[in-house]
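Summary of the model geometry
As a plain string of letters, each chain reads:
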Amino acid sequence: MSVPPPPGAQNTDPRRRIPRTDHLLAHPEIAAATATLSEHVVRDVVRAAQDRARSGQITPEQVLEEVLVALGGRPAASLRPVLNATGVIVHTNLGRAPLSAAARQALADAAGYTDVEFDLTTGARSRRGAGARAALLAACPEAEDALVVNNGAAALVLATTALAGTGEVILSRGEMIEIGAGFRLPDLIASTGAQLREVGTTNRTHLADVTDALGPRTGCVLRIHTSNYRVIGFTSTVPVRVLSAPCREAGVPLVADLGSGLLAPEPALAEEPDAATALRDGADLVIASGDKLLGGPQAGILLGRGEIIARLARHPLARAVRADKLTLAALEATLTGPVPPVLEALRTDSDALRERTEHLAARLGGELVAHDGRVGGGGGAEVPLPGWAIALEPELAGPLRIGDPAVVATVRDERCLLDLRCVPAEEDERLVAAVDAARALRGAAR
Ligand SMILES: *Cc1c(COP(=O)(O)O)cnc(C)c1O
């Protein structure tokens, strides 16, 4: 169906031939777009096309086509799925942990009304997120209780606020870390009103540095895992199991911020701390993220002694940082379901990865090269994960990023490297098609 020109279109000013808004909105295909897009979005698209015609960038006759193209297949949200071919498992810029199929299903199931805080048997209100709490305690029996909040930073703010108030938080100078994008944990702690009591030096902190600082103003002793860097050489830190006795004697909670979210030791990352070990070693409270090595949704996980968790849960701030139903559902399913993609990528067998990479490299006319994967923002700083990549012509990186599916590769030494570690094997055909499309795009641009 065409759109009639406005009355008086025979007038010489071409702008008078621009289709009117009400006529465009009544066009069946444009009207159908409101099934997936809000009316104001459709109106904005229409207005933008009319403006382009008004300013002479397109002809009035092109307005309808322009609107249909702009609306065609446009999803309501702009976040696009990406194939992560970087080999970096927990890539903060790419949304950290990809969820398992079980977690995706749980997310969809909880999206409508759900019994997140309701007992369907009795019809009474129930404890919020009881399923996620039970799953955490089952996965980490060393913890007496658990609390889930928005993210790791929120967990740290809640813990220091509730435990220290305006008192002191003792922290080693070797653990004053910046987690990324300019966010520094010492600043975060100071923003709560607590006093940061720095002890030791950048490379060495001894037990006496901590015990000398313990006093009536101490709110808690904090250990922060240096998850994104390493101090090597002449170094010394005080392990949790050494700190725990003096803290207990002084009646001061010992808090361990582990970052990565491993609940139990992970053989593939021997150096990475885990919640079970930290609690067994005497930490009173452990803090971790849900979307790093745990492989779940963005969340802050607090595990530890019953009375400490209860203190945090009672604090008014707990309400401001509480997790939503989608997070609780996805977290529970991550813990209850099969091995999540993050751990699968971490444990990838190098020989199997080589075979798959070699096969795809041959199909794509690329070269098989050794390429180390990385844990990324999730921990395992500087730990290389031996693996492989397909080396292609470097000009493909840009077209691959804007393709469908979008593919993010690494460009190094004049090569575009595709590392399959974090690309699900069932996506191999789509990856091949994406490379073909990127090459066609390059060819057309030439
Ligand atoms: C990542 C990290 C945080 C912050 O956690 P988010 O979930 O990103 O808020 C805090 N502490 C450590 C040690 C971390 O590695």
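See the structure shown above.
The rules behind these values
- Residues numbered from 1 in each chain as written.
- Predicted model: local features only at pLDDT ≥ 70, side-chain atom pairs only at ≥ 80, totals over all residues.
- Heavy atoms only, no water.
- 1 Å grid on protein atoms, 1.4 Å probe; cavity = no way out; pocket = protein on both sides within 12 Å on 5 of 7 lines; lining within 4 Å.
- Points joined across faces, edges and corners; volume = space filled by probe spheres on them.
- Helix = DSSP H or I, 4+ residues; strand = E, 2+ residues; numbered from the N terminus.
- Nonpolar A, V, L, I, M, F, W, Y, C, P; charged D, E, K, R; others polar.
- Domains from an automatic or database assignment.
- Buried < 20%, exposed > 50% of the residue type's maximum accessible area, 1.4 Å probe, protein only.
- Arc of directions from axis to C-beta.
- Contact = heavy atoms within 4.5 Å.
- Salt bridge = Lys/Arg side-chain N within 4 Å of Asp/Glu carboxyl O.

1. Things to note about the layout of surface pockets
What the second largest pocket holds in volume is close to 870 Å³. Surrounding the second largest pocket, 40 residues form its lining, Arg 223, His 225, Thr 226, Glu 271 and Pro 273 being those nearest its centre. Of all elements in the fold, only strand S8 (218-224), helix H10 (240-250), strand S9 (254-259) and helix H11 (275-280) reach the threshold of two or more residues within the lining of the second largest pocket. Sorting elements by how many residues they give to the lining of the second largest pocket places S9 first, with three residues. In terms of residue class, the lining of the second largest pocket is made up of 15 nonpolar, 14 polar and eleven charged. Both domain 2 (82-91 + 344-445) and domain 3 (101-337) contribute no fewer than three residues apiece to the lining of the second largest pocket.

2. Structural notes on helix H4 (residues 63-71)
Given 3.6 residues to a turn, an α-helix orients residues that are three or four positions apart in the same direction. Of all the positions in H4, only Val 63, Leu 64, Val 67, Leu 68 and Leu 71 are classed as buried. Down the axis of H4, the sector holding all buried residues measures 130 degrees, keeping them to one side. Of the exposed residues in H4, the ones pointing more than 90 degrees away from its buried face are Glu 65 and Val 69. Summarising the contacts, the buried residues of H4 are in contact with helix H1 (21-26), helix H2 (28-32) and helix H3 (39-54). At the C-terminal side of H4, Gly 73 shows a positive phi close to 65 degrees.

3. A word on the pattern of salt bridges
Inspection of the entire model under this criterion finds 30 salt bridges. For Arg 280, the salt bridge identified is with Glu 142, shortest N-O distance 2.6 Å. In this pair, Arg 280 sits in helix H11 while Glu 142 sits in the loop between helix H6 (130-139) and strand S3 (145-149), placing the two residues 138 residues apart along the sequence. For Glu 142, a relative accessible area of 31% gives the class partly exposed. Between Arg 223 and Glu 175 there is a salt bridge whose closest N-O contact spans 2.9 Å. With Arg 223 in strand S8 and Glu 175 in the loop between strand S4 (168-172) and strand S5 (178-180), this residue pair connects regions lying 48 residues apart in the sequence. On the basis of relative accessible area, Glu 175 is assigned to the buried category, the value being 5%.

Take it as geometry only, folks, not as evidence of what the structure does.
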